[in-house]
Amino acid sequence: MSHQITLSDLEKSLFPERYPFYDQHFQDDLNYLKQEGEYDQIARANIRFKIRLVNLCLKVQNEDLRQALNYLFNKQVECFYNWQQSYNWFELKSILAFFLLFLK
């Protein structure tokens, strides 16, 4: 089990104000980490990646900036990715770069 990243679910965590009834957020990831046994390194890296993106995105408090950030994120996903396809963290480095550059 690699806990790959689906962008439609990631968007719900990045912009919780748009999805007020989505409260799953990181529950599956937390349940995975609570399991005993060996952890898959890719799964742990994917979880760390999601947490880092959410932390970066939630630093923006201004509502207008968050709307602009959501719009640009959606455009990037529509142009270069698929909303329902599963990805590993290293396939989404351009999204991380987007957040790092936008929020600096």
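Data block above holds the structure.
Because the structure is predicted, anything quoted here is derived from the model rather than measured. (Residues numbered from 1 in each chain as written. Predicted model: local features only at pLDDT ≥ 70, side-chain atom pairs only at ≥ 80, totals over all residues. Heavy atoms only, no water.)

(A) Local environment of the nonpolar core. Judged by nonpolar contacts, the single largest core of 21 residues is most densely connected at L7, L14, L53, F73, L92, I95 and F99. At the level of elements, α1 (7-14), α3 (41-58), α4 (63-80) and α5 (93-102) are the ones that each hand at least two residues to this core. Take this core: its biggest share by element is five residues, from α3. (Core = buried A, V, L, I, M, F, W, Y, C linked by side-chain atoms within 4.5 Å. Buried < 20%, exposed > 50% of the residue type's maximum accessible area, 1.4 Å probe, protein only. Helix = DSSP H or I, 4+ residues; strand = E, 2+ residues; numbered from the N terminus.)

(B) View of the pattern of salt bridges. One pass over the structure, following the stated rule, counts two salt bridges. For the salt bridge of E78 with K75, the shortest nitrogen-to-oxygen distance reads 3.9 Å. Of this pair, E78 and K75 both sit in helix α4, three residues apart, which is roughly one turn of that helix. (Salt bridge = Lys/Arg side-chain N within 4 Å of Asp/Glu carboxyl O.)

(C) Summary view of the layout of surface pockets. Approximately 230 Å³ is the volume attributed to the largest pocket. In terms of lining, the largest pocket is formed by 13 residues, of which the most central are D9, H25, D28, D29 and K50. For the lining of the largest pocket, the secondary structure elements donating two or more residues are α1 and α2 (27-34). For the lining of the largest pocket, the element with the most residues is α1, which contributes three residues. Classifying every residue of the lining of the largest pocket gives three nonpolar, six polar and four charged. (1 Å grid on protein atoms, 1.4 Å probe; cavity = no way out; pocket = protein on both sides within 12 Å on 5 of 7 lines; lining within 4 Å. Points joined across faces, edges and corners; volume = space filled by probe spheres on them. Nonpolar A, V, L, I, M, F, W, Y, C, P; charged D, E, K, R; others polar.)

(D) Representation of α3 in the model. For α3, with 18 residues, the first-to-last C-alpha span of 26 Å sits near the 26 Å given by 1.5 Å per residue. Every buried residue of α3 is listed here: A43, A45, N46, I47, F49, K50, L53, V54, L56 and C57. (Expected span 1.5 Å × (residues − 1).)

(E) Structural view of the packing of α2 against α3. One can describe the packing of α2 onto α3 by two numbers: an axis separation of 11 Å at closest approach and a directional angle of 140 degrees. Considering their axes alone, α2 and α3 lie oblique with respect to each other. For the crossing formed where α2 meets α3, the hand is left-handed. Of the residues in α3, those in contact with D29, Y32 and L33 of α2 are A43, R44, I47 and K50. (Axes fitted to C-alpha atoms, helices over the stretch in contact; angles between N-to-C directions. Parallel < 35°, antiparallel > 145°, perpendicular 65-115°, else oblique. Left-handed = near helix turned anticlockwise from the far one by under 90°. Contact = heavy atoms within 4.5 Å.)

As far as function goes, none of this settles anything; it's purely spatial.
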